[in-house]
There are 4 protein chains.
Amino acid sequence: MSLPALQSAPFTWPVRVYWEDTDAGGIVFYANYLKFFERARTEWLRALGIEQQRLREQTGGLFVVTHTQLQYHRPARLDDLLLVTAQVVDAGRASMTIEQRALLKPQQGDTGGDAQPMLLCSGTIRIGWVDDRNLRPQRIPSTVIAALKLPA
Amino acid sequence: MSLPALQSAPFTWPVRVYWEDTDAGGIVFYANYLKFFERARTEWLRALGIEQQRLREQTGGLFVVTHTQLQYHRPARLDDLLLVTAQVVDAGRASMTIEQRALLKPQQGDTGGDAQPMLLCSGTIRIGWVDDRNLRPQRIPSTVIAALKLPA
Amino acid sequence: MSLPALQSAPFTWPVRVYWEDTDAGGIVFYANYLKFFERARTEWLRALGIEQQRLREQTGGLFVVTHTQLQYHRPARLDDLLLVTAQVVDAGRASMTIEQRALLKPQQGDTGGDAQPMLLCSGTIRIGWVDDRNLRPQRIPSTVIAALKLPA
Amino acid sequence: MSLPALQSAPFTWPVRVYWEDTDAGGIVFYANYLKFFERARTEWLRALGIEQQRLREQTGGLFVVTHTQLQYHRPARLDDLLLVTAQVVDAGRASMTIEQRALLKPQQGDTGGDAQPMLLCSGTIRIGWVDDRNLRPQRIPSTVIAALKLPA
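Residues numbered from 1 in each chain as written. Chains lettered and ligands numbered in written order. Predicted model: local features only at pLDDT ≥ 70, side-chain atom pairs only at ≥ 80, totals over all residues. Heavy atoms only, no water.

1. Brief notes about the overall build of chain A
Under the convention used in this document: Secondary structure elements are taken from DSSP: a helix is a run of H or I of four residues or more, a strand is a run of E of two residues or more, and numbering for both begins at the N terminus. Partly exposed describes any residue whose relative accessible area lies between the buried limit of under 20% and the exposed limit of over 50%, with all areas from a 1.4 Å probe on protein chains only and scaled to the type maximum. Here, two residues are considered to be in contact whenever any of their heavy atoms come within 4.5 Å of each other.
Along chain A, the regular secondary structure elements total three helices and five strands. In sequence order, the secondary structure elements of chain A are arranged as β-α-α-β-β-β-β-α. Taken along the three principal axes of its C-alpha coordinates, chain A extends 50 × 35 × 25 Å. Of all 152 residues assigned to chain A, the portion counted as buried reaches 55%. Pairs at least 24 residues apart make up 72% of the contacts formed inside chain A by residues separated by at least 6 positions.

This is how it looks when you write it as C-alpha cells:
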C-alpha cells in the first residue's frame with residue numbers, strides 16, 4: 001500500500017562529516033550513507049517514542065534491512081553538515097519502505113542566505129520486522145503501527 | 001551495452017566475518033556488504049593487473065560508486081566464510097555496472113560434501129570513472145578497457 | 001610541558017549509540033570509541049573556531065594521530081547516550097596530548113535525578129601536526145596555538 | 001606472569017588495504033589498525049583450533065578487549081599489503097596481553113629483494129574472558145589455555 005498522503009514533510013536529522021566518514025578520494029565513503037540514513041531512521045523512530053533496544057526487550061523482535069537502493073549525486077567532504085531525511089513511502093504487515101535523502105546544508109554566507117540544500121544522495125531502504133531468535137518475519141508490533149500512524 | 005556473453009564464470013574472493021563486521025543483532029551489519037563487494041571488485045581488478053592507487057597516479061582518475069542496489073536474503077554471522085563474486089554486466093564509455101553476490105561457504109562436514117553455497121546478499125554496483133581533481137566523469141582509460149576485455 | 005591549570009572543565013560532546021556502533025557481543029565495538037573521541041576533538045576545535053578542512057586549505061597541514069591508549073571500564077549498548085570529553089593535558093611545538101572520556105548519561109527517571117554519569121572508557125590521544133604532502137612533523141600553526149590558548 | 005620464552009616467532013596474518021580503510025588524509029584511518037589487529041588475533045586463534053563463535057556456544061563466554069595501546073610510526077596507503085603479527089606477552093587466569101605489529105610488506109622489485117618489512121604500527125591489546133550474559137570476568141576456559149600452551 002502506498003502512503004503518499006500520510007506524511008507531509010519528511011523527518012530531518014543533521015549529520016556532521018568526520019574523518020571516520022571519508023576515504024582517500026577525499027570524499028565521504030559511499031557505504032557510510034547507509035549509516036547516515038540509519039541514524040536518521042533511528043532518530044525518527046525515537047521522535048515518535050520508539051526506542052529500538054527497549055522495543056526488542058518488550059517484544060522479542062527487531063527491524064532488519066532487507067533491501068537498499070542508493071544513488072550518489074554529489075560528494076560530501078570533511079566538516080560538511082548534512083541534512084538526512086526519512087519518510088515512509090510504503091508499508092505492509094511485516095515490512096515498510098523508507099525514502100531517504102542526504103542534502104548538503106548551505107554554509108552561512110553562501111550566496112546571501114537564499115542558498116538551497118543540495119542533494120548528495122537519495123535512496124530507499126526496505127526494513128522488515130523479525131523475531132530476534134530466528135530472524136523470521138513477523139507482523140510489525142501494533143505500538144509501532146500506531147506511533148507511525150500506519151493503517152492497522 | 002549488455003555483456004552477457006563476455007564472461008563465463010564470475011571472479012570470486014573469500015571474505016571472513018570478524019567482530020568488526022557484526023552488530024548487536026548478532027549478524028553482519030548490512031552496510032558492510034558494500035565493503036565486502038568492494039574488496040572483491042578490487043581483487044578482481046588486481047587479478048587483471050590493475051592497481052587502483054598506481055592507476056590514479058598514472059592517469060589522474062579514479063572509479064567512484066554512483067549507484068548501489070542490494071538485496072539481503074539470509075544473515076551471516078561471526079566466523080562465517082563468504083564467497084564474494086564480481087562480474088561486469090553492463091559497460092559504457094565512462095561507467096560500468098557490476099553484479100555481485102555474497103554466498104556462505106559450506107563448512108567441512110556439512111551434509112556430506114555436496115552442500116552448495118547459500119546466497120546471502122546480491123546486488124549491482126555502478127561505478128564511473130572521474131577526474132580526481134574535480135570528480136567529473138571521464139572516459140575509462142584504455143588500459144582498463146583492455147584489461148577487462150570490454151569493447152573499446 | 002604539562003597544562004593542568006589551563007583548562008578547568010573539559011569540553012563535552014554528546015554521542016548516541018546506533019546499530020553501526022555495536023557488535024555481536026551486544027555492546028559498542030571497542031574500536032569505535034576512537035571514532036567517538038575524534039568526534040569530540042573535532043567539535044571541540046570547531047567550538048574554538050577551527051575547521052580542519054579549511055585549516056588544511058589555508059596551511060597545507062593537518063593533525064595526525066601518533067599514539068592512542070584506551071581503557072575500557074563498562075560497555076555501552078544500542079540507544080545509549082554518551083557524553084564524550086576532550087581536554088589538553090600536554091602540548092609541545094609539533095604535538096599535543098588530549099585526555100578523553102566517554103561517560104554514560106543517566107536516563108531520565110534513573111534514581112531520582114541525582115544519578116551521576118558512569119565512566120565507560122577513558123584514554124589519551126596524542127596528535128601531531130604534519131605537512132599534508134609528506135606527513136612530516138611541522139610546528140602547530142600559531143592560529144591553533146592561539147585558539148587553544150597554549151603557550152606560544 | 002610474563003611469557004617471553006613461550007613463543008618464538010609471532011603469528012602473522014596478511015591484510016590488504018582497501019578504500020574502506022583509508023581517510024581523506026590519503027592514509028589508513030588510525031582506528032582501523034584495531035580492526036587489523038583483531039583479524040590477526042582471530043586467525044591466530046583459528047590456527048590453534050579455536051573458533052570464537054563455537055567457543056561462545058560451548059562455554060557461554062567470550063573475549064572482550066579491556067585495554068589498547070597503539071603507536072603509529074608510518075602511514076599505510078591504498079593497495080598496501082600489511083603483515084600483522086600477534087604474540088602473547090602476558091597471561092593471567094582471566095585475561096592476557098597480546099603484542100601486535102603491522103608491517104608494510106615490501107613490493108616485488110623493491111631494492112633487489114632484500115627489502116625488510118617496515119614497521120607501521122605497534123601496540124598491545126589486553127583481552128579478558130567474560131560471561132556473555134553479564135560480561136563479568138571469568139577464568140579463561142581450559143581448552144583455550146591448552147590450545148595457547150599457557151601455564152594452567
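Having seen the model, we can carry on.
2. Looking at the nonpolar core
Using the following cut-off: The criterion is simple. A nonpolar core is a set of buried Ala, Val, Leu, Ile, Met, Phe, Trp, Tyr and Cys residues joined through side-chain atoms within 4.5 Å.
Judged by nonpolar contacts, the single largest core of 96 residues is most densely connected at A:Tyr33, A:Leu82, A:Met96, B:Tyr33, B:Leu82 and B:Met96. With sequence-adjacent residues up to four places away left out, A:Met96 is seen in contact with A:Trp44, A:Phe63, A:Val88, A:Asp90, A:Ala91, A:Ile125, A:Arg126, A:Ile127, A:Ile140, A:Leu148 and A:Leu150. The next biggest cluster of nonpolar side chains, apart from the first, holds 94 residues, and it includes C:Trp44, D:Phe63, D:Val65 and D:Leu104.

3. Regarding the interface of chain C and chain A
As a reminder, the rule being used: Put simply, buried area is the surface a 1.4 Å probe can reach on two separate parts but cannot reach once they are joined, added for both. The salt bridge criterion pairs a side-chain nitrogen of Lys or Arg with a carboxyl oxygen of Asp or Glu, the two atoms within 4 Å. Between N or O atoms, a polar contact is any pair within 3.5 Å; within protein, one atom must be a potential hydrogen donor and the other a potential acceptor, and residues adjacent in sequence are included only when both atoms are from side chains.
Each partner contributes to the interface: chain C provides 20 residues, whereas chain A provides 20 residues. The contact between chain C and chain A buries some 2,100 Å² in all, and 43% of this surface belongs to carbon and sulfur atoms. Applying the counting criterion to the chain C and chain A interface returns four salt bridges. Linking chain C with chain A are ten residue pairs in polar contact (both at pLDDT 80 or more). Mapped by element, the contributors of at least two residues to the side of chain C that touches chain A are strand E1 (11-16), helix H1 (32-47) and helix H2 (52-59) of chain C. No other element matches the six residues that H1(C) contributes to the side of chain C that touches chain A.

4. As for the relation of the copies chain C and chain A
Definition in use: Superposition of the copies used a least-squares fit over C-alpha atoms from residues whose pLDDT is at least 70 in both.
If you rotate chain C by 180 degrees and push it 0.0 Å along the axis, it lands on chain A with an RMSD of 0.0 Å. These values place the two chain copies in the arrangement generated by a two-fold rotation axis. Of every C-alpha in chain C, the one belonging to C:Val15 sits nearest the axis of rotation, 5.8 Å from it.

5. Observations regarding the pattern of salt bridges
Pairing is possible between side chains of opposite charge, provided their charged atoms come close. Applying the stated criterion across every chain, the model contains 32 salt bridges over all chains. Notably, a salt bridge pairs B:Asp131 with B:Arg133, separated by 2.7 Å at the nearest N-O pair. For B:Asp131, a relative accessible area of 10% corresponds to the buried category. For B:Arg133, a relative accessible area of 69% translates into the label exposed. Several salt bridges converge on common partners, so that one network encompasses A:Glu43, A:Arg46, A:Glu51 and C:Asp79.

6. Focus: the state of the cysteines
This is how it is decided: When the sulfur atoms of two cysteines come within 2.5 Å, that pair is taken as a disulfide.
Taken as a whole and judged by the stated rule, the model has zero disulfides over all chains. Unpaired in this structure, C:Cys121 has its nearest cysteine sulfur neighbour in D:Cys121, at a distance of 17 Å.

7. Structural notes on the relation of the copies chain A and chain B
The operation relating chain A to chain B is a screw motion whose rotation component is 180 degrees, with 0.0 Å of axial translation and a residual RMSD of 0.0 Å. An overlap of 100% is found between the interface residues of chain A and their copies at the interface of chain B, pointing to a shared contact surface.

8. Brief notes about the sheet that holds strand E3 (residues 81-91) of chain D
Selection rule: Think of it this way: DSSP has to see at least two bridges between two strands before they count as a pair. Inter-axis angles, ranging from 0 to 180 degrees, are taken between N-to-C directions of lines fitted to C-alpha atoms, where helices are fitted over the stretch in contact.
The ten strands lie next to each other as E1(C)-E3(C)-E4(C)-E5(C)-E2(C)-E2(D)-E5(D)-E4(D)-E3(D)-E1(D), forming an open sheet whose pairing is antiparallel. Strand pairing shows two members of the sheet lacking a second neighbour, E1 of chain C together with strand E1 (11-16) of chain D, which therefore form its edges. Averaged over all neighbouring strand pairs, the angle between strand axes comes to 30 degrees, with direction disregarded. One ladder, built from six bridges, connects E1(D) with E3(D); its direction is antiparallel.

9. Some details on the packing of aromatic side chains
The condition is simple: Between rings of Phe, Tyr and Trp, where Trp is taken as its six-membered ring, a pair exists when centres lie within 6.5 Å; planes separated by under 30 degrees are stacked, by over 60 edge-to-face, and by other angles tilted.
Taken as a whole and judged by the stated rule, the model has 24 aromatic pairs over all chains. When the ring of A:Phe29 is compared with that of A:Tyr30, the centres are 4.7 Å apart and the planes differ by 50 degrees; the resulting orientation is tilted. The class of A:Tyr30 is buried, set by a relative accessible area of 7%. On the basis of an interplanar angle of 80 degrees and a centroid distance of 4.8 Å, the ring pair of C:Phe63 and C:Trp129 is categorised as edge-to-face. One end of the pair, C:Phe63, is in strand E2 (residues 61-72); the other, C:Trp129, is in strand E5 (residues 118-131), and 66 residues separate them in sequence.

10. Here's the deal with the confidence of the model for chain A
Under the convention used in this document: For every residue, the predictor assigns a confidence score, pLDDT, that lies between 0 and 100.
Predicted confidence across chain A gives a mean pLDDT of 92, with 90% of residues reaching 70 or more. On the interface metric, ipTM, the complex scores 0.92, and its pTM is 0.94.

11. Considering the interface of chain A and chain B
Which entries qualify depends on this criterion: Under the grouping applied here, Gly and all other residues not named as nonpolar or charged are polar, the nonpolar ones being Ala, Val, Leu, Ile, Met, Phe, Trp, Tyr, Cys and Pro and the charged ones Asp, Glu, Lys and Arg.
Each side of the interface is counted separately: chain A has 23 residues, and chain B has 23 residues. Carbon and sulfur atoms make up 60% of the area that chain A and chain B hide from each other, which totals about 2,000 Å². Between the two partners, chain A and chain B, sit zero salt bridges. For the interface between chain A and chain B, the tally reads twelve residue pairs in polar contact (both at pLDDT 80 or more). Those elements that provide at least two residues to the side of chain A that touches chain B are helix H1 (32-47) and strand E2 (61-72) of chain A. The element that contributes the greatest number of residues to the side of chain A that touches chain B is E2(A), accounting for nine residues. Here the side of chain A that touches chain B is composed, by residue class, of twelve nonpolar, six polar and five charged. In this structure, E2(A) lies alongside strand E2 (residues 61-72) of chain B, joined through five bridges in antiparallel fashion. When the bridges of E2(B) are listed, A:Gln69 appears paired with B:Gln69.

12. Considerations on the sheet that holds strand E1 (residues 11-16) of chain B
Read from one edge to the other, the open sheet built from ten strands follows the order E1(A)-E3(A)-E4(A)-E5(A)-E2(A)-E2(B)-E5(B)-E4(B)-E3(B)-E1(B), with strand pairing classed as antiparallel. Two strands bound the open sheet, and with one partner strand each, they are strand E1 (11-16) of chain A together with E1 of chain B. Within this sheet the neighbouring strands show an average axis-to-axis angle of 30 degrees, counted without direction.

13. Digging into H2(C)
Residue and element names in this part refer to chain C. Definition in use: Within this analysis, the arc is defined by the directions that extend from the helix axis to the C-beta atoms.
Taken together, the buried positions of H2 are occupied by Gln 52, Leu 55 and Arg 56. For H2, the arc enclosing every buried residue in end-on projection is 100 degrees, short of the 170-degree limit, so these residues lie on one face. Opposite the buried face of H2, by more than 90 degrees, sit the exposed residues Glu 57 and Gln 58. Those residues of H2 that are buried lie in contact with H1, E2, E5 and helix H3 (142-147).

14. Describing the side chain of A:Glu51
Among the secondary structure elements, A:Glu51 is positioned in the loop between H1 and helix H2 (52-59). A polar atom in the side chain of A:Glu51 sits 3.2 Å from the side chain of A:Arg46. The contact partners of A:Glu51, leaving out residues within four places of it in the chain, are A:Arg46, C:Asp79 and C:Gln107.

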